[in-house]
Amino acid sequence: MVSEQQIWEWLEDVFDPEVPVLTVVDLGVVRDVNIAENEIKITVTPTYSGCPAMGVIEEDIRRKLLSEGLTNLKIETKLSPAWTTDWLSKNGRQKLKEYGIAPPEDEVDKSVLFSAPLVVPCPNCNSRETKMISEFGSTSCKAHYNCLSCKEPFDYFKCLR
Ligand SMILES: [Zn+2]
């Protein structure tokens, strides 16, 4: 009999297709693992409802758990409450930065609400002198920035609400 703990550990091997250093657990998209009598239910919340990566994530979760011998899997998508960047684990934020993507900042979220200009610190040199080059980076979930201090381009993981 498999434990929920074991399933969480297996999920640590499933990576986000967009940011391959982050696991689905780091990303916070796996909301619940529930073992019932004859069914294992995994509840996932997409980073945003239009995210094309989400189908891939569900498929990867299913493939991983099937490879561990689990059958009777049910993957349920839960849209509410909506995913926010607050669900990114501390570990996940650190990994994003090491990967060269500026992690979402809480104060940035608020500035979006008031339409103030975004200040996104550079993940390379921590300078706050950065400039958004394009609203869409390598994927629609990221914006592309340039650092005015070290001149390095970087991606910003957008706050998706
Ligand atoms: Zn920089």
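The rules we used
Sequence order as written defines residue numbering, which begins from 1 separately in each chain. Side-chain atom pairs in this predicted model are given and counted only at pLDDT of 80 or more, local residue features only at pLDDT of at least 70, and totals for whole chains, interfaces and linings cover all residues. Only hydrogens and water are set aside; all other atoms, that is, all heavy atoms of the structure, feed into the side-chain values. The rule for a salt bridge is simple: a side-chain nitrogen of Lys or Arg has to be within 4 Å of a carboxyl oxygen of Asp or Glu. Runs of E in the DSSP output that reach at least two residues are strands. Runs of H or I that reach at least four are helices, and both are numbered from the N terminus. Think of it in three bands: residues with accessible area under 20% of the maximum for their type are buried, residues over 50% are exposed, and the middle band is partly exposed, with areas taken using a 1.4 Å probe on protein chains only. Paired strands, as defined in this entry, are two strands with at least two bridges between them according to DSSP. Atoms are scored as donors when they are N, O or S and lie within 2.8 Å of the metal, with 3.2 Å used for Na, K and Ca; no water is included, so coordination may look incomplete.

This paragraph deals with the pattern of salt bridges. On inspection of all chains with the given rule, the structure shows six salt bridges. With a closest N to O distance of 3.1 Å, Lys 64 and Asp 13 form a salt bridge. A residue pair is termed long-range when its members are at least 10 positions apart, and Lys 64 in helix H3 (residues 53–67) and Asp 13 in the loop between helix H1 (4–11) and helix H2 (24–27) qualify at 51 residues. Residue Asp 13 is classed as partly exposed on the basis of its relative accessible area of 45%. Taking the shortest distance from any N to any O, the salt bridge between Lys 74 and Glu 76 comes out at 3.4 Å.

Turning next to the sheet that holds strand E7 (residues 153–157). If you trace the four strands from one edge of the open sheet to the other, you get E4-E7-E6-E5, paired in mixed fashion. The sheet is open, and its two borders are formed by strand E4 (101–102) and strand E5 (130–134), each paired with just one other strand. Summarising the sheet, E5 and strand E6 (residues 142–147) pair through four bridges and their orientation is antiparallel. Paired with Met 132 across the bridge in E6 is Tyr 145.

When a metal holds four donors in a tetrahedron, each ideal angle between them is 109.5 degrees; when it holds six in an octahedron, the ideal angles are 90 or 180 degrees. Around the zinc ion, the protein contributes the donor atoms Cys 122 (SG), Cys 125 (SG), Cys 147 (SG) and Cys 150 (SG), which lie 2.3 Å from the metal centre. Binding-site remark: the zinc ion is held by donors from one chain whose sequence spacing is C-x2-C-x21-C-x2-C. Note that Cys 125 is positioned in the loop between helix H5 (106–113) and E5 and Cys 150 in the loop between E6 and E7, a separation of 25 residues in sequence. In this structure Cys 125 comes out as partly exposed when scored by relative accessible area, which is 34%.

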